[in-house]
Amino acid sequence: MTVLALDLARTVGWACSTSHAPIIGSRCFDGRTPLAQFRVWLIGEVVQRHVETLAIESVFIGKNSAAGLGLAYMHGVAHEVAQGRNLRVIVMTAGEWRNHFLGRVSPPKGLTAS
C-alpha cells in the first residue's frame, strides 16, 4: 500500500511510503492560484506514485484565522482529489504523520520547498 502524507500549509510538507524508505519533500504553492496549483500537483503525485491512501493533516484554526482558513480550503481540495480517485483518507495531526514516516515530530533540518 502506498501512502502519501500531507502537512498542509502554503508550503506543503509531504512523505510517501514505498516498499523502500519513505520519500520526503516540500512544495510551495503561492501566487494568485495556490489551490489550483495544489490540486494539479496532488493529482500528479497520486498518479505518478500509485497512491492508495492519503494521510491529511487535521484542520486546526488557532489565532491566525487566515492561515487556518487556507488550511481548511487545502483540506477540502485534498478530500475532493481523494474522492475522485477513490483513495482511502486518514486524518491525523502533522506530528503524528511526521513521527510515523520520519521517526520524529519536527521536519528534517535543511528540507526546502521544491
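Rules and cut-offs
- Residues numbered from 1 in each chain as written.
- Predicted model: local features only at pLDDT ≥ 70, side-chain atom pairs only at ≥ 80, totals over all residues.
- Heavy atoms only, no water.
- Helix = DSSP H or I, 4+ residues; strand = E, 2+ residues; numbered from the N terminus.
- Buried < 20%, exposed > 50% of the residue type's maximum accessible area, 1.4 Å probe, protein only.
- Contact = heavy atoms within 4.5 Å.
- Areas by Shrake-Rupley, 256 points an atom, 1.4 Å probe, with all protein chains shown as cover.
- Phe/Tyr/Trp six-rings, centres within 6.5 Å; stacked < 30°, edge-to-face > 60°.
- Pairing = 2+ DSSP bridges.
- Axes fitted to C-alpha atoms, helices over the stretch in contact; angles between N-to-C directions.
- Core = buried A, V, L, I, M, F, W, Y, C linked by side-chain atoms within 4.5 Å.

Draft legend 1. Inspection of the overall build of the protein chain at higher detail. Check the secondary structure of the protein chain and you find 3 helices and 5 strands. Ordered by position from the N terminus, the helices and strands of the protein chain form the series β-β-β-α-β-α-β-α. Scored against the burial criterion, the 114 residues of the protein chain give a buried share of 39%. In the protein chain, the proportion of contacts linking residues at least 24 apart, taken out of those at least 6 apart, comes to 60%. Accessible surface computed for the protein chain: about 6,600 Å², of which carbon and sulfur atoms make up 55%.

Draft legend 2. Region of the structure containing the packing of aromatic side chains. If you walk through the whole model with that rule in mind, you get 4 aromatic pairs. Members of the aromatic cluster, each reached through a chain of ring pairs, are W14, F29, F38 and W41.

Draft legend 3. Spotlight on the sheet that holds strand β5 (residues 88-92). Sheet architecture is open: 5 strands sit in the order β3-β2-β1-β4-β5, paired in mixed fashion. Two strands bound the open sheet, and with one partner strand each, they are β3 (23-28) and β5. Neighbour to neighbour, the strand axes of the sheet diverge by 20° on average, direction disregarded. Here 4 bridges tie strand β1 (residues 3-7) to strand β2 (residues 11-16), and the two strands are oriented antiparallel to one another. Considered in β2, the bridge of A5 is made with A15. Across the face of the sheet, helix α1 (residues 34-49) comes into contact with β1, β2, β3 and β4 (53-57) while running at roughly 155° to β1.

Draft legend 4. Expanded view of the pairing of β2. Among the 6 residues that make up β2, 5 are buried, leaving the element largely enclosed by the rest of the structure. Remark: 3 residues form the turn of the hairpin made by β1 and β2, two consecutive strands paired antiparallel. Here β2 runs beside β3; their pairing, made up of 6 bridges, is antiparallel. Bridge pairing in β3 places T11 opposite C28. The loop that links β2 with its antiparallel partner β3 comprises 6 residues.

Draft legend 5. Representation of the nonpolar core within the structure. If you look at the biggest cluster of nonpolar residues, it comprises 22 residues, and the most contacted ones within it are L4, L6, L8, F38, L42 and L54. When residues of this core are traced back to their parent elements, those giving at least two are β1, β2, α1, β4 and α2 (65-84).

Worth remembering: the numbers are spatial, not functional.
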